[in-house]
Structure formats: C-alpha cells, structure tokens
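Listed below are the residues making up each chain.
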Amino acid sequence: DRLMQCAAIMPGDSILNMTAELTSRMMDINYGGTVNIVKTVWPLMEQRGGGDIMVFGSMAGDVLTHNLGAYSATKSATNTWAEVLHYENKDTPIRFLLVCPPMVNTPLVKQAIEKGPGSIKTAAKENKNMVTPEFIIDACETAIEKGEWVVRPGSAKFMVRLRRFFPRLLWKMMEKA
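These figures come from a predicted structure and were not determined experimentally.

With that settled, consider the pairing of strand 3 (residues 94–99). Within strand 3, five of the six residues are buried, which leaves it mostly tucked inside the rest of the structure. Of the strand pairs in this sheet, strand 2 (residues 51–56) and strand 3 are connected by six bridges, and their pairing is parallel. By the bridge assignment for strand 3, aspartate 52 is matched with arginine 95. What joins strand 2 to strand 3 is helix 2 (residues 69–88), and the crossover it makes is right-handed. Of the pairings in the sheet, the one linking strand 3 to strand 4 (residues 150–151) comprises two bridges and is parallel in character. Looking at the pairing, valine 99 lines up with valine 151 of strand 4.

The calculated volume of the largest pocket comes to roughly 910 Å³. In terms of lining, the largest pocket is formed by 39 residues, of which the most central are Ser58, Pro101, Pro102, Met103 and Val104. Mapped onto the lining of the largest pocket, the elements with two or more residues apiece are helix 2, helix 3 (107–110), helix 4 (118–126), helix 5 (133–145) and helix 7 (167–176). The residue makeup of the lining of the largest pocket, split by class, is 29 nonpolar, nine polar and one charged. What the second largest pocket holds in volume is close to 260 Å³. Around the second largest pocket, the lining residues are Glu148, Val150, Val151, Arg152, Pro153, Lys157, Val160, Arg161, Arg164 and Phe165. Where the lining of the second largest pocket is concerned, the elements lending two or more residues are strand 4 and helix 6 (156–165).

Calculation rules
Residues numbered from 1 in each chain as written. Predicted model: local features only at pLDDT ≥ 70, side-chain atom pairs only at ≥ 80, totals over all residues. Heavy atoms only, no water. Buried < 20%, exposed > 50% of the residue type's maximum accessible area, 1.4 Å probe, protein only. Helix = DSSP H or I, 4+ residues; strand = E, 2+ residues; numbered from the N terminus. Pairing = 2+ DSSP bridges. Right-handed = clockwise from strand over helix to strand, strands pointing away. 1 Å grid on protein atoms, 1.4 Å probe; cavity = no way out; pocket = protein on both sides within 12 Å on 5 of 7 lines; lining within 4 Å. Points joined across faces, edges and corners; volume = space filled by probe spheres on them. Nonpolar A, V, L, I, M, F, W, Y, C, P; charged D, E, K, R; others polar.

Take it as geometry only, folks, not as evidence of what the structure does.
Structure below.
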C-alpha cells in the first residue's frame, strides 16, 4: 500500500578529504537505493491499482554547504530523479511524494557531527534548528492527501528559495554557521 524510502548515510567531510570509495558508497545507498526500491515496488503497485510512494530526498540536495558536498550530491540526484519520475507518471494510480526535509532529529545527523558543517554540530549539541520525525510524517500525510508531489516542510521551503534567489548570501550564512 505504501512505500516510504528514507534510508541514507551522511558522513560529513570536505570533498577533497572524503575518499572516492566513500563518496561512491553514499551514492549507491542514498541515490541507488532509492532507484532500486522504487523500480521494484512501482510495477507491483500498478498491478494492484494504486499505492503511495514517498521518497526522501533532502533540502541538502538544493541548499548546499561545505563539508556535506558528497551527501548533497546524492540528494540532488535523488531530488532530480524523483521530480522527473513524477512528471513522467502523473496519470498513474500511484500517489507519489518527494520529501525534502530540513535537518531532522534522527541518528542520521550524528554521522555528520565530527567532520560536517558547524551548523550540524551546534544543532545537535543544543538540540535546536532540527525538526522532529513526527513533524515530517505529519507534513507527508498532509501533502499526499492534498495531491502534492513535493513537500519541503519547516525551514526547507524558505532555504530553497533563498538558495535560488540569493546563492551568495546563503553561502555567507552557511560559512558563519
């Protein structure tokens, strides 16, 4: 009836310091895992006459920052693939949702604390600027019931717009964070 694909890894480090092997592993898990599970489940849902597929991309796929470049690349790929998938399949009985959350208070964030951007360290230490998993699930439920194909809950919508219209300002803000 429903697939929620949110498996990912998020080790933080600069692009130059991160090994090619780890970068490829992240792409295999974060992007490749999404492609594999959706391509497996979609035809089965079509045979059944419907279902819900919710794919977790990330705000990080649109809002870039230092020491998360490889992770952002995997989520950019996921976001792009999901958008094209939606537009190629608008008239199917499957309800589809791309979820692009901001930082969510889950164990995933802990993977980026040591070498990731300072904003993640601060958010984790002070338990602020992160949303709860429950908040994200509520946003997903609301969006899919409204027939939306993408949801950017919390600060994600604002941050994506900031990146689009004021990219230099966003980079300055990220450097200070």
